[in-house]
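So you can see what is in the structure, the chains are spelled out below.
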Amino acid sequence: RVLLVELLSTCIDAVKRGGAEIRRVQNILEREDGKVRGVEYKIKGDVRSALTAADLAAQAAIEESLKAAWPCLTLVCEEDLAGDITEA
């Protein structure tokens, strides 16, 4: 049994850690001609499907934070599916 206050506190901490990773990666990305390098696309040609190092770092930070609190927790995360998405 998990108290709601504990759940919310842990989730807020996880989100803050994820946001910090996005800012960290954003600060070190190489930029060329106004475009971020190292962007991959889950769906070829669809800019809405951009996957960056920041996405992956944020997800890892969130997963680590939640798993530290609840080691048996099963997570289904957006970026885990990046390689499995095909064009519709």
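As the structure is a computational prediction, the values presented were derived from the model and not from experiment. Within each chain, residue numbers correspond to sequence positions counted from 1 in written order. In keeping with the predicted nature of the model, local features appear solely for residues at pLDDT of at least 70, side-chain atom pairs appear and are counted solely at 80 or more, and the whole-chain, interface and lining totals rest on all residues. Excluding hydrogens and water, the side-chain figures rest on all heavy atoms present in the structure.

**Details of helix α2 (residues 53-69)**
Applicable threshold: Going along the chain from the N terminus, every DSSP run of H or I of four or more residues is numbered as a helix, and every run of E of two or more is numbered as a strand. Helix span is expected to be 1.5 Å times the residue number reduced by one. Residue exposure (1.4 Å probe, protein chains only): buried if accessible area is under 20% of the type maximum, exposed if over 50%, otherwise partly exposed. Contacts between residues were defined by any pair of non-hydrogen atoms, one from each residue, lying within 4.5 Å.
Along its 17 residues, α2 runs 25 Å from first to last C-alpha, staying within 8% of the 24 Å computed at 1.5 Å per residue. Those residues of α2 that fall on the buried side of the exposure criterion are Ala54, Ala57, Ala58, Gln59, Ala61, Ser65 and Leu66. Those residues of α2 that are buried lie in contact with α1 (4-28).

**A few points about the pattern of salt bridges**
Counted only if it meets this: What makes a salt bridge here is a side-chain nitrogen of Lys or Arg within 4 Å of a carboxyl oxygen of Asp or Glu, nothing more.
For the coordinates displayed, the defined rule picks out two salt bridges. The partner of Asp13 in a salt bridge is Arg17, with the nearest N and O atoms 2.8 Å apart. Taken together, the residues Asp13 and Arg17, both in helix α1 and four residues apart, mark about one turn of the helix. Look at Asp13 and you get partly exposed, because its relative accessible area is 30%. For Arg24, the salt bridge identified is with Glu21, shortest N-O distance 2.8 Å. Here the residue Arg24 and the residue Glu21 both occupy positions in helix α1, the gap between them amounting to three residues, near one helical turn.

**Some words on α1**
The terminal C-alpha atoms of α1, which comprises 25 residues, lie 37 Å apart, in line with the 36 Å expected from a rise of 1.5 Å per residue. Among all positions in α1, only Thr10, Ala14, Gly18, Gly19 and Val25 are buried. For α1, the elements touching its buried residues are α2.

**Points about the confidence of the model for the protein chain**
The following threshold applies: The predictor reports its confidence for every residue as pLDDT, a score running from 0 up to 100.
Considering every residue of the protein chain, the mean pLDDT works out to 79; 76% of them sit at 70 or more. Of all helices and strands in the protein chain, the one with the weakest mean pLDDT is strand β1 (residues 31-32) (54), whereas α2 scores best (91). Across residues 83-88, where pLDDT falls below 50, the model places four contacts with residues more than four positions away in sequence or in other chains.

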